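# Architecture and fold: a report
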Amino acid sequence: MLSFLLNSQSPTELQRLWQSTPFIYREAPDQSLTRWEVFLAAEQLSQTALSIHSNMKYSALLLFEQRDYFLVGLLATAMQKGQVILPPNLAEATLEKLKNDMPELSVLGDDLPKGLHSQPQITSKLIDEIFHAVKKNPLPFDQQRMTVTFEAIKKSEIWLYTSGSTGKPKKIIKTWQHMIYSASLAIDRFQLMLPCYIVATVPNQHMFGLETTLFWPFFSKASLWYERPIFAEDVISALSNNSIEPAFLVSTPLHLTKLLAFKLKWPAHLNRLLSATAPLSKTLAEQLESEFKASLFEVYGSTETASIASRQTTVTEVWQTYTSVTFERLTNERYAVKTSCLEDSQVLSDQIELLDEHHFKLGKRDSDLIKVAGKRASLTELNTHLLSISGITEGVFIQDPSTERLRLFVTTSLTPSDILRELRKLLDPAFLPRPITYVKALPRSEVGKILYNKLLCKRPS
Amino acid sequence: MLTPEQLEMAQLIIEAVNLEDIQADEIDPEDALFTNGLGLDSIDALEISLELSKKYGVKIKSSDVNINEIFGSIASLTAFVQANKQN
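## Topic: the interface of chain A and chain B
Facing the 28 residues of chain A at the interface are 30 residues of chain B. With both chains or domains summed, chain A and chain B bury close to 2,500 Å², and 58% of this area falls on carbon and sulfur atoms. Across the chain A-chain B interface, the total number found is four salt bridges. Of the charged contacts in the structure, one is a salt bridge between Arg434(A) and Asp44(B), with a shortest N-O distance of 3.0 Å. The interface formed by chain A and chain B holds two residue pairs in polar contact (both at pLDDT 80 or more) in total. Class assignment of the residues belonging to the side of chain A that touches chain B gives a composition of 16 nonpolar, three polar and nine charged.

## Topic: the domain arrangement of chain A
Residue and element names in this part refer to chain A. Domains assigned within chain A are domain 1 (3–364) and domain 2 (369–456). A straight line from the C-alpha centre of domain 1 to that of domain 2 covers 32 Å. Contacts between the two partners involve 16 residues from domain 1 and, on the opposite side, 15 residues from domain 2. Summing both partners gives a buried area of about 1,300 Å² for domain 1 against domain 2, and 51% of it is carried by carbon and sulfur. Taken together, the connections running from domain 1 to domain 2 amount to zero salt bridges. Viewed at the interface, domain 2 and domain 1 are joined by two residue pairs in polar contact (both at pLDDT 80 or more). Elements supplying a minimum of two residues to the side of domain 1 that touches domain 2: α5 (92–101) and β6 (157–163). Class assignment for the residues of the side of domain 1 that touches domain 2 results in five nonpolar, nine polar and two charged.

Calculation notes
- Residues numbered from 1 in each chain as written.
- Chains lettered and ligands numbered in written order.
- Predicted model: local features only at pLDDT ≥ 70, side-chain atom pairs only at ≥ 80, totals over all residues.
- Heavy atoms only, no water.
- Contact = heavy atoms within 4.5 Å.
- Buried area = accessible area lost by both parts, 1.4 Å probe.
- Salt bridge = Lys/Arg side-chain N within 4 Å of Asp/Glu carboxyl O.
- Polar contact = N/O pair within 3.5 Å; in protein donor to acceptor, adjacent residues only side chain to side chain.
- Nonpolar A, V, L, I, M, F, W, Y, C, P; charged D, E, K, R; others polar.
- Domains from an automatic or database assignment.
- Helix = DSSP H or I, 4+ residues; strand = E, 2+ residues; numbered from the N terminus.

As structure tokens, this is what we get:
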């Protein structure tokens with residue numbers, strides 16, 4: 001499973017990479033962590049804090065935002081033969097459902113949201129103590145111990161959630177084996193076996209973040225910034241912390257566009273932008289490349305498949321698949337994806353036009369599935385939540401093409417604050433409507449279909 | 001009751017993140033802005049930080065200060081901006 005890593009370098013080089021080369025950078029140089037220190041910390045966490053659960057199926061809700069804590073929690077849970085749950089959002093209703101399904105759920109995270117206070121908790125304080133202990137008594141790198149461990153955890157599961165076309169959140173189970181194999185394809189595509197540095201604004205809990213900030217760097221020569229910077233000044237200082245070239249900024253079209261608006265001077269060694277979660281136009285890609293003075297690559301994938309293709313948008317609109325990704329035609333524009341690491345082929349939610357075995361263009365997306373700030377939801381699901389609120393007569397969410405945010409058209413006697421308060425319990429904040437428009441009734445065609453274009457012309461109340 | 005500075009901040013936030021259906025003077029200055037309060041997300045925070053840098057010359061940087069406290073409420077954000085504004 002790790003042959004791509006083991007075969008690409010001598011045992012001495014591997015030892016240097018794992019034991020002596022900084023992997024996760026923090027502000028203070030002596031605080032940075034090597035891959036081996038992360039590995040040892042995960043072993044300790046697994047043997048001490050998690051082992052009390054060894055008699056039952058261990059489920060860990062992993063909420064850490066910081067990359068080092070997250071990775072240690074992820075690896076430790078796998079070592080304990082447990083499953084990691086990455087929640088789609090922290091809305092009350094979501095957490096309630098997870099607790100019902102898994103009453104014994106442990107939470108790895110600090111400031112816990114309401115509703116999780118009674119669950120067993122592991123905080124970053126404990127992991128910091130373990131880091132401290134590992135640094136104080138450094139154990140020499142042991143390649144066999146490493147390979148045996150990864151072989152032993154290859155079937156360990158990571159659960160992610162996505163909105164299926166039916167509208168209900170769908171659980172996607174990924175194994176470490178799949179994530180590592182998939183990472184090897186991306187490592188090859190983006191040449192991560194050459195030293196480089198990654199700063200990412202995307203969360204660990206979503207597939208793109210999980211890949212780019214954990215699996216890709218852990219099994220390559222890429223090093224990583226420990227935090228998830230959001231503000232422009234933080235992104236710059238994270239990039240400036242390290243002069244390793246090339247530096248990658250991993251983000252989303254929305255975040256990159258907002259960063260552009262600050263009109264700042266970006267560090268010269270930032271020469272790669274990686275964007276995913278929504279397609280970029282060529283014009284915007286050109287603007288981003290010229291402002292950041294960096295090449296922009298888009299990554300294409302889904303929670304079901306992980307990333308499978310990329311393109312440099314200013315050069316071509318054609319996506320090139322990673323090596324060994326193949327398609328199986330279902331209908332005219334519908335395809336399923338197969339890679340040698342996917343147990344079953346996965347149906348793509350986008351329509352594609354296949355140009356040859358390794359190249360395709362994207363067609364239109366299933367119109368029920370929308371993305372806001374990188375988060376995917378089904379409009380059907382959002383509308384179902386809306387109608388579950390008592391006092392709503394009828395209503396519908398529509399995505400505003402100009403802002404990417406959702407607009408809500410609603411018939412109700414509730415005030416905007418009432419509506420928002422109820423929706424907050426049910427939805428991720430990204431999907432809260434901006435703004436709300438009151439209508440006497442939804443405009444409908446003779447056959448009862450909602451006339452969306454008519455609604456979008458209406459001014460907010 | 002919002003102070004004039006807090007009212008100005010509430011207005012800036014409403015415009016920055018397009019919360020047109022909320023009236024600035026309806027907001028409780030101590031209410032949480034994120035998750036459980038107004039329900040803003042990280043992209044909203046970025047947009048607010050852009051407006052704050054344009055209007056007040058304040059640079060928001062999470063590593064300098066306790067960002068969660070500053071972005072905790074209208075009251076705490078206003079206090080921070082008043083103490084750090086350049087223009």
